[in-house]
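Survey of secondary and tertiary structure
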Amino acid sequence: MSTATTPAGPTTPPPGDRLLSVVRDGVRIHDLGRRLFVGMPQSPNHPAYWHTLPRRHGDRVRADGGSAANDMVVMGTHVGTHIDALAHVSQDGLLHGGADAAAAGAGGVYAEHGVHTIAPMVRRGVLLDIPAVLGEPCAPGYEISPADLEAAQRRQGTPVGAGDVVLVRSGWGRHFENPDPRVYRGEESGVPGVSEAGARWLAERRAHAAGADTIAFERLAPGAGHSRLPAHRVLLVESGIYIIEALALDELAAAGVREFTFVLAPLPLFGATGSPVRPLAVVSVQGDAGVGGTDG
């Protein structure tokens, strides 16, 4: 994750545009997206990321000496930092809202609940920092409970409200760039994450989307892998709440940012079940207020 700061500009924007006024005064941007690279850890259920350069500089040179390179990328839509559309999960043959899952995929696209139906997000974001509550990163296979989520929002003074994007940090993100991708996948060790009850806690507060620093969002039991994902059922199928996975949250937490303006725009991949994303947490430079804040 990288952090960038826009330079402070003129402080007299057109009248009536308060957001532009904050931007002109300067904002700090925390990049929550993971760098995509060949061999990065991912769910074994999805096609891997691959990047190649079909044309390199010098392969073809124009008469004036100019040269251009190009790329080809092959990847699943649930690799790296990504968002799950409502079409991603079904339960007992049904998608969110009761749509027939088999019929919905007719023609090879999910026209009703595909990722193209997710509107770009500019919303209040809340980071619920569970290691800050526990005093240490979550252990492998740790189940983040409603009590943990309650304790985090109480400690931070950032109650979750309707329409918020809630990012749950477990501390597992520190393993993402481990040379052995099996460590982050945690197939044998288990992976910490939100429990089924924790997902219901988020649904009761009518979150717009929920994210985490793992590839599964929810808790994976040791040795169980992705064999059972009840939190996905609760959020995507029952509640219509999007899930964002493999977020970079450690630097955001280290900066003391717990409340911010969250910005995300999926690729409009018609009928797809997910999309790579590069989410941003934006806070005001002037007192870290206006478009976001910190807990000090």
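Thresholds applied
Residues numbered from 1 in each chain as written. Predicted model: local features only at pLDDT ≥ 70, side-chain atom pairs only at ≥ 80, totals over all residues. Heavy atoms only, no water. Axes fitted to C-alpha atoms, helices over the stretch in contact; angles between N-to-C directions. Helix = DSSP H or I, 4+ residues; strand = E, 2+ residues; numbered from the N terminus. Parallel < 35°, antiparallel > 145°, perpendicular 65-115°, else oblique. Left-handed = near helix turned anticlockwise from the far one by under 90°. Contact = heavy atoms within 4.5 Å. Nonpolar A, V, L, I, M, F, W, Y, C, P; charged D, E, K, R; others polar. Salt bridge = Lys/Arg side-chain N within 4 Å of Asp/Glu carboxyl O. Buried < 20%, exposed > 50% of the residue type's maximum accessible area, 1.4 Å probe, protein only. Lys, Arg positive; Asp, Glu negative; His and termini not counted. Polar contact = N/O pair within 3.5 Å; in protein donor to acceptor, adjacent residues only side chain to side chain. Pairing = 2+ DSSP bridges.

Where helix H6 (residues 196-204) contacts helix H7 (residues 230-239), the axes come no closer than 7 Å and their chain directions differ by 25°. Compared by their axis directions, H6 and H7 come out roughly parallel. Considering how the two elements wind past one another, H6 and H7 form a crossing that is right-handed. Listed contacts from H7 to Glu196, Ala199, Arg200, Leu202 and Ala203 of H6 are Pro230, Ala231, Arg233, Val234, Leu235, Glu238 and Ser239. Its residues assigned to classes, the contact of H6 with H7 shows seven nonpolar, one polar and four charged.

All told, the structure shown has 15 salt bridges when counted by the stated rule. Between Glu259 and Arg124 there is a salt bridge, and its shortest N-O distance comes to 2.8 Å. Of the two residues, Glu259 is situated in strand S12 (residues 257-264) and Arg124 in strand S6 (residues 121-129); the sequence distance between them amounts to 135 residues. By relative accessible area, Arg124 is classed as partly exposed at 26%. Across the salt bridge formed by Glu204 and Arg205, the nearest N and O atoms sit 3.6 Å from each other. Salt bridges linked by common partners bring Asp129, Arg169, Asp250 and Arg258 together as one network.

Quick look at the side chain of Glu218 now. Looking at the secondary structure, you find Glu218 in the loop between strand S10 (209-212) and H7. Buried and unpaired, Glu218 has no salt bridge, with Arg228 as the nearest side chain of opposite charge at 6.6 Å. Among the polar contacts made by the side chain of Glu218, one reaches the main-chain amide nitrogen of Ala231 at a distance of 2.9 Å. Looking at Glu218, its side chain comes within polar contact range of the side chain of His232, at 2.6 Å. The residues touching Glu218, leaving out its near neighbours within four places in the chain, are Val191, Pro192, Gly193, Val194, Arg228, Leu229, Pro230, Ala231 and His232.

Along S12, six of the eight residues are buried, which leaves the element largely enclosed by surrounding structure. Bridge analysis of S6 against S12 gives six bridges, and the strand direction is antiparallel. Along S12, the bridge assignment pairs Arg123 with Phe262. Sheet topology places S12 next to strand S14 (residues 280-284); three bridges connect them, and they run antiparallel.

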